[in-house]
Amino acid sequence: MTDNSDNDRKLGDATRVVQAGRRKEWTGGIVNPPVWRASTILYDSIADLRANAGKDTHHRLYYGRRGTPTQWSLADALTSLEPGAEATFLYPSGVAAIAAALLSVLSPGDELLLVDSAYDPTRGQAMQLLERFGITTRFYDPLIGAGIAELIGPATKAIFMESPGSLTFEVQDVPAIVAVAKRHGLVTLLDNTWATPLFFPAIEKGVDLTILAATKYVVGHSDVMLGSVTAAPGHFAKLRDMSHLLGQVASPDDSWLGSRGLRTMAVRLAQHQRSALEIARWLEGRPEVAQVLHPALPSCPGHDVWARDFKGSSGLFSFVLNGGDEAARAALIDRLDLFGIGYSWGGFESLAIPADPARIRTAAPRDYAGPLVRLQIGLEDTADLIADLDQGLAAFRAALA
């Protein structure tokens with residue numbers, strides 16, 4: 001077994017997620033790397049301690065905050081899933097990963113271009129954290145594509161993308177935006193949690209920093225908070241140094257659970273994709289539904305870009321109700337038995353929550369025929385989930401009567 005990224009590129013997705021990050025020096029002959037818990041690392045002498053202090057601590061024991069083979073294994077695995085990537089840093093959550101990535105590329109006086117469909121906490125970081133440091137943010141339409149060139153000013157230093165957006169699911173033309181950014185010397189960042197590198201290899205597409213809320217599909221079991229940033233060549237050193245300054249570290253126990261989840265990510269994503277598409281198509285035929293916002297369906301904004309650039313679709317999407325109000329939407333969701341009501345996604349269980357993008361959209365508001373419901377399609381039998389949604393839609397009709 002090897003962990004050579006050149007070999008990984010020639011292997012299928014399921015093989016890569018099984019093999020990645022399992023170096024012999026870290027596993028010690030065991031299938032899974034063990035959990036190395038550490039704060040203090042002991043040295044043989046003062047000379048040894050001094051010598052280590054001046055060396056690069058990437059993949060070197062130095063102090064517990066700099067990691068152990070448990071964290072290195074998962075980071076290495078995620079790097080190998082991104083052809084052309086330099087390295088990956090792990091974080092205790094996806095939001096922590098976003099913050100470190102942004103702070104590694106922005107300074108006071110800089111401007112960030114942030115997609116208007118971004119995850120709400122990402123907007124919060126821009127408007128509350130970055131603003132405090134004198135960094136301004138301009139929001140842009142997720143469907144802007146190469147037209148983003150018109151927004152670039154002398155202070156613009158970075159472009160943040162999320163494709164598709166995790167509430168309204170517009171698919172961005174990432175290659176077009178990346179091409180513009182490279183011409184202007186800007187750094188590009190992408191929240192790639194929905195697709196993962198298996199469905200959208202971001203570094204290969206030219207993105208500089210690709211971010212995962214590994215809490216979702218990497219972990220896959222709704223029991224760990226974890227994040228990652230994978231860097232293209234030339235961008236890891238700044239990311240690592242900023243992350244060290246911020247004291248960021250993912251625990252070895254959480255990293256081990258992330259590695260365990262990663263081994264089945266390819267087969268889980270395949271099932272999420274099949275089930276979500278079947279349910280999305282069923283919803284398209286329902287009179288209570290005005291529109292289904294699923295990137296793999298032609299009705300979704302940016303579908304043509306998805307068909308061109310993506311290798312698949314995951315289990316998260318929204319649908320628009322045909323009229324109704326908050327009370328009718330609540331009646332639908334409250335009636336569901338198999339769909340839990342809760343935040344996050346990417347786990348084995350199905351979820352449903354109300355989605356209200358209008359309250360946060362500023363640059364590109366969208367008008368919808370009714371309220372939105374966001375679904376996370378888990379690994380249950382699809383027929384059971386459809387039957388559950390059917391009774392939810394019946395409750396919606398009753399609320400309208």
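Residues numbered from 1 in each chain as written. Predicted model: local features only at pLDDT ≥ 70, side-chain atom pairs only at ≥ 80, totals over all residues. Heavy atoms only, no water.

**Structural notes on the overall build of the protein**
Check the secondary structure of the protein and you find 15 helices and 11 strands. The C-alpha atoms of the protein give a radius of gyration of 22 Å, which matches the 21 Å a tight globule of 401 residues would have. Oriented by its inertia axes, the alpha-carbon framework of the protein measures out at about 80 × 50 × 35 Å. Looking at the 401 residues of the protein, the share that counts as buried comes to 56%. Considering only contacts within the protein whose residues lie at least 6 apart along the sequence, 74% involve residues at least 24 apart. For the protein, the accessible surface area stands at approximately 16200 Å², while carbon and sulfur atoms represent 54% of it. Where the 37 positive side-chain charges of the protein centre and where its 45 negative ones centre are 6 Å apart. (Helix = DSSP H or I, 4+ residues; strand = E, 2+ residues; numbered from the N terminus. Rg over C-alpha atoms; globule rule 2.2 N^0.38 Å. Buried < 20%, exposed > 50% of the residue type's maximum accessible area, 1.4 Å probe, protein only. Contact = heavy atoms within 4.5 Å. Areas by Shrake-Rupley, 256 points an atom, 1.4 Å probe, with all protein chains shown as cover. Lys, Arg positive; Asp, Glu negative; His and termini not counted. Charge placed at Lys NZ, Arg CZ, Asp CG, Glu CD.)

**Some words on the pairing of strand E4 (residues 156–162)**
Extensive coverage of E4 is indicated by the burial of 6 of its 7 residues. Note: strand E2 (residues 111–115) against E4, 4 bridges, orientation parallel. Along E4, the bridge assignment pairs Leu113 with Ile159. Summarising the sheet, E4 and strand E5 (residues 187–191) pair through 5 bridges and their orientation is parallel. Across the sheet, the residue bridging to Ala158 is Val187, located in E5. For the segment spanning E4, helix H8 (residues 174–184) and E5, crossover handedness is right-handed. (Pairing = 2+ DSSP bridges. Right-handed = clockwise from strand over helix to strand, strands pointing away.)

**Here's the deal with the side chain of Gln172**
Along the chain, Gln172 falls in the loop between E4 and H8. The class of Gln172 is buried, set by a relative accessible area of 1%. Among the polar contacts made by the side chain of Gln172, one reaches the side chain of Tyr140 at a distance of 3.0 Å. Beyond its immediate stretch of four places on either side in the chain, Gln172 contacts Val115, Tyr140, Pro142, Met161, Glu162, Ser163, Ile177 and Val305. (Polar contact = N/O pair within 3.5 Å; in protein donor to acceptor, adjacent residues only side chain to side chain.)

**What about empty space enclosed by the protein?**
Taken as a whole, this structure holds 2 cavities of 30 Å³ or more when the rule is applied. For the largest cavity, the lining is made up of 18 residues, of which Arg66, Gly67, Trp72, Thr88 and Phe89 are closest to its centre. Mapped by element, the contributors of at least two residues to the lining of the largest cavity are helix H5 (69–80), strand E1 (87–91) and helix H10 (236–245). Considering only residue class, the lining of the largest cavity consists of 7 nonpolar, 8 polar and 3 charged. In this model, the second largest cavity occupies a volume close to 30 Å³. Along its surface, the second largest cavity is lined by Leu78, Glu82, Pro197, Thr210, Leu212 and Thr230. Residues of the lining of the second largest cavity, tallied by class, amount to 3 nonpolar, 2 polar and 1 charged. (1 Å grid on protein atoms, 1.4 Å probe; cavity = no way out; pocket = protein on both sides within 12 Å on 5 of 7 lines; lining within 4 Å. Points joined across faces, edges and corners; volume = space filled by probe spheres on them. Nonpolar A, V, L, I, M, F, W, Y, C, P; charged D, E, K, R; others polar.)

**Examining the pattern of salt bridges**
Opposite charge on two side chains lets them pair, provided their charged atoms get close. Applying the stated rule across the entire model yields 22 salt bridges. Residue Asp120 is joined to Arg359 by a salt bridge in which the shortest nitrogen-to-oxygen separation is 3.4 Å. Placement of the pair is Asp120 in helix H7 (residues 120–132) and Arg359 in the loop between strand E10 (351–355) and strand E11 (372–376), with a sequence separation of 239 residues. Judged by its relative accessible area of 31%, Asp120 is partly exposed. On the basis of relative accessibility, which here comes to 61%, the residue Arg359 falls in the exposed class. The partner of Arg286 in a salt bridge is Glu288, and the shortest N-O contact between them spans 3.0 Å. Both residues of the pair, Arg286 and Glu288, belong to the buried class. A cluster of three or more residues bridged by salt bridges with shared partners is formed by Asp116, Arg123, Asp141, Glu170, Arg361 and Arg366. (Salt bridge = Lys/Arg side-chain N within 4 Å of Asp/Glu carboxyl O.)

**Here we look at the side chain of Ser117**
With respect to the helices and strands, the residue Ser117 is situated in the loop between E2 and H7. Those residues in contact with Ser117 that sit more than four places away from it in its chain are Pro142, Glu162, Gly165, Ser166, Thr168, Glu170 and Arg361.

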